[in-house]
Amino acid sequence: EAQVTQNPRYLITVTGKKLTVTCSQNMNHEYMSWYRQDPGLGLRQIYYSMNVEVTDKGDVPEGYKVSRKEKRNFPLILESPSPNQTSLYFCASIANPYEGTDTQYFGPGTRLTVL
Amino acid sequence: AQSVTQLGSHVSVSEGALVLLRCNYSSSVPPYLFWYVQYPNQGLQLLLKYTTGATLVKGINGFEAEFKKSETSFHLTKPSAHMSDAAEYFCAVISNFGNEKLTFGTGTRLTIIP
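Residues numbered from 1 in each chain as written. Chains lettered and ligands numbered in written order. Predicted model: local features only at pLDDT ≥ 70, side-chain atom pairs only at ≥ 80, totals over all residues. Heavy atoms only, no water.

## Digging into the sheet that holds strand 1 (residues 4–7) of chain A
Two modes of strand pairing occur in sheets, parallel and antiparallel, and in both the strands are linked by backbone hydrogen bonds.
Residue and element names in this part refer to chain A.
Thinking step 1. The four strands lie next to each other as 1-3-8-7, forming an open sheet whose pairing is antiparallel. Of all the strands in the sheet, just strand 1 and strand 7 (65–66) have a single pairing partner and so form its edges.
Thinking step 2. Across four bridges, the pairing between strand 1 and strand 3 (residues 19–25) is antiparallel. Opposite Q6, over in strand 3, you have C23 as the bridge partner. (Pairing = 2+ DSSP bridges. Helix = DSSP H or I, 4+ residues; strand = E, 2+ residues; numbered from the N terminus.)

In structure tokens form, the structure reads like this:
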């Protein structure tokens, strides 16, 4: 089954404790992206990757890092989480970037709480 | 830069009634427009999309939307609401094909009244 998986689905942590949220897709998609969803703000892009070893900032990259060492995985790293990073995070992927017509497939989300 | 405005953060309709969720966009280039649905505790699922061609787009679960360039709108409709339609709905636009970034509206939570 074609899917995007995220782990963990729920995470409660404390300020400053490094964490990684994993994202994996089994569709051999080139493009992957991270969004955060906050009430009243919709979803905002954090980082995206057009292919392996190619990453770039989205609209709200501060406090986040990503890596794309292999095509299927795109982890989101919070080196020193802060309470304002409490949010619902979604990973997404597309087969064919540059066209805009392909459907973005979203993972199930990771709900992060930073105390 | 593109933007999306969804009028009404909460919409309630009776079961069997017309569903109308409003979306207006701004874009300096011809946009590609999308509606996504989010059921509780789930990720986003594509309902329908407009890229080029016919301006009336049909999607899954009986939903459809019409692209009106003159009104910069892409409203989502369904003739008869079902209880299973209760969810949050997001309108989104891509107009920067360099990074495939979806710019989302703030969402509309649809409640169905039995």
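Moving on from the model shown.
## Description of the interface of chain B and chain A
One frequently used descriptor of interface size is the decrease in accessible area upon assembly of the parts.
Thinking step 1. Taken together, the contact between chain B and chain A spans 23 residues of the former and 27 residues of the latter.
Thinking step 2. The contact between chain B and chain A buries some 1,900 Å² in all, and 52% of this surface belongs to carbon and sulfur atoms.
Thinking step 3. On the surface where chain B and chain A come into contact, there are zero salt bridges.
Thinking step 4. Where chain B meets chain A, there are three residue pairs in polar contact (both at pLDDT 80 or more).
Thinking step 5. Secondary structure elements with two or more residues in the side of chain B that touches chain A: strand 5 (32–38), strand 6 (44–50) and strand 10 (87–94) of chain B. (Contact = heavy atoms within 4.5 Å. Buried area = accessible area lost by both parts, 1.4 Å probe. Salt bridge = Lys/Arg side-chain N within 4 Å of Asp/Glu carboxyl O. Polar contact = N/O pair within 3.5 Å; in protein donor to acceptor, adjacent residues only side chain to side chain.)

## Some details on unusual backbone geometry
Thinking step 1. Following A:N7, the chain continues to A:P8 via a peptide bond in cis, the omega torsion being -5°.
Thinking step 2. Phi is positive for A:E53, which is not a glycine, with a value near 65°.
Thinking step 3. Along the chain, A:E53 turns up in the loop between strand 5 (42–51) and strand 6 (54–57).
Thinking step 4. A:E53 gets classed as exposed once you look at its relative accessible area, which sits at 61%.
Thinking step 5. The backbone of B:N61 shows a phi angle near 60°, a positive value even though the residue is not glycine.
Thinking step 6. Checked against the element boundaries, B:N61 lands in the loop between strand 7 (56–58) and strand 8 (64–68).
Thinking step 7. Classification of B:N61 as partly exposed rests on a relative accessible area of 41%. (Buried < 20%, exposed > 50% of the residue type's maximum accessible area, 1.4 Å probe, protein only.)

## Some points on the side chain of B:Q38
Thinking step 1. Here B:Q38 shows up in strand 5.
Thinking step 2. Classification of B:Q38 by relative accessible area gives buried; the value is 9%.
Thinking step 3. Separated by 3.3 Å, the side chain of B:Q38 and the backbone oxygen of B:Q42 make a polar contact.
Thinking step 4. Here B:Q38 is in contact with A:Q37, A:L88, A:F90, B:G43, B:L44, B:A87, B:E88 and B:F90, once residues within four sequence places are set aside.

## Overview of a nonpolar patch on the surface
Residues and elements named next belong to chain A.
Thinking step 1. The grouping of I12, V14 and L115 at the surface amounts to a nonpolar patch, some 320 Å² of accessible area in total.
Thinking step 2. In this fold, L115 is placed in the segment after strand 11 (110–114).
Thinking step 3. For L115, a relative accessible area of 60% translates into the label exposed. (Patch = residues over 30% accessible without salt bridge, like charges linked within 9 Å, V, L, I, M, F, W, Y side chains within 5 Å. Areas by Shrake-Rupley, 256 points an atom, 1.4 Å probe, with all protein chains shown as cover.)

## Topic: the nonpolar core
All names here are of chain B.
Thinking step 1. Counting 27 residues, the largest nonpolar core has W35, L48, L76 and Y89 as the members making the most contacts within it.
Thinking step 2. Of all the secondary-structure elements, those providing two or more residues to this core are strand 2 (10–14), strand 3 (19–21), strand 5, strand 6, strand 8, strand 9 (73–78), strand 10 and strand 12 (108–113).
Thinking step 3. Among the elements that line this core, the one with the most residues is strand 10, at four residues.
Thinking step 4. For L48, the residues in contact, after removing those within four places along its chain, are L33, F34, W35, V57, K58, G59, F63, E64, A65, F74 and L76. (Core = buried A, V, L, I, M, F, W, Y, C linked by side-chain atoms within 4.5 Å.)

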